[in-house]
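Below are the chains, spelled out letter by letter.
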Amino acid sequence: MTRQGHKIILPREKFTHALALAALLLMLGLAAFGPSGALAWSEYEQLLDQRQDQIAALNEERDELRNRVAALDPEGADPDMVGELLRKNLNVVHPDEVVLPIEPQD
């Protein structure tokens, strides 16, 4: 210390203080503007809501497919489902049914 009460700061100490300040500012900047910072938080919440909606839609589709698979179980197949698939895929009809072909319109 000097006579007036001021502390003498060496250039190496100034550099160390500046480096610490820069590191602190970098950490604050990343906390606010970084990929997981405060400003990106609302965007992540919006993406989370979208993903949850997609998961709900996929769960509904999975349940529908599960019901169709259960209806086609060989041990207890649903006759309506089997008849629908036979007509659709193999063009099979009952003897008492009449088929009316429809010509496609151009």
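Since this is a predicted model, take the numbers as computed values, not measurements. (Residues numbered from 1 in each chain as written. Predicted model: local features only at pLDDT ≥ 70, side-chain atom pairs only at ≥ 80, totals over all residues. Heavy atoms only, no water.)

This part covers the environment of Gly-83. Looking at the element boundaries, Gly-83 is found in helix 3 (residues 79–90). Residues Gly-83 and His-94, eleven residues apart in the sequence, show an inter-C-alpha distance of 9.6 Å. (Helix = DSSP H or I, 4+ residues; strand = E, 2+ residues; numbered from the N terminus.)

Turning our attention to the environment of Ala-38. Here Ala-38 lies in the loop between helix 1 (11–33) and helix 2 (41–71). Along the primary structure Ala-38 and Pro-95 are separated by 57 residues, whereas in three dimensions their C-alpha atoms are 71 Å apart. With sequence-adjacent residues up to four places away left out, Ala-38 is seen in contact with Ala-31 and Ala-32. (Contact = heavy atoms within 4.5 Å.)

The subject of this paragraph is the pattern of salt bridges. Opposite charge on two side chains allows them to pair when their charged atoms are near. Taken as a whole, this structure holds two salt bridges when the rule is applied. Taking the shortest distance from any N to any O, the salt bridge between Asp-63 and Arg-62 comes out at 3.7 Å. With a shortest N-O distance of 2.7 Å, Glu-97 and Arg-87 are connected by a salt bridge. Here the residue Glu-97 occupies a position in the segment after helix 3, and Arg-87 occupies one in helix 3, the gap between them amounting to ten residues. Residue Glu-97 is classed as partly exposed on the basis of its relative accessible area of 31%. For Arg-87, a relative accessible area of 35% translates into the label partly exposed. (Salt bridge = Lys/Arg side-chain N within 4 Å of Asp/Glu carboxyl O. Buried < 20%, exposed > 50% of the residue type's maximum accessible area, 1.4 Å probe, protein only.)

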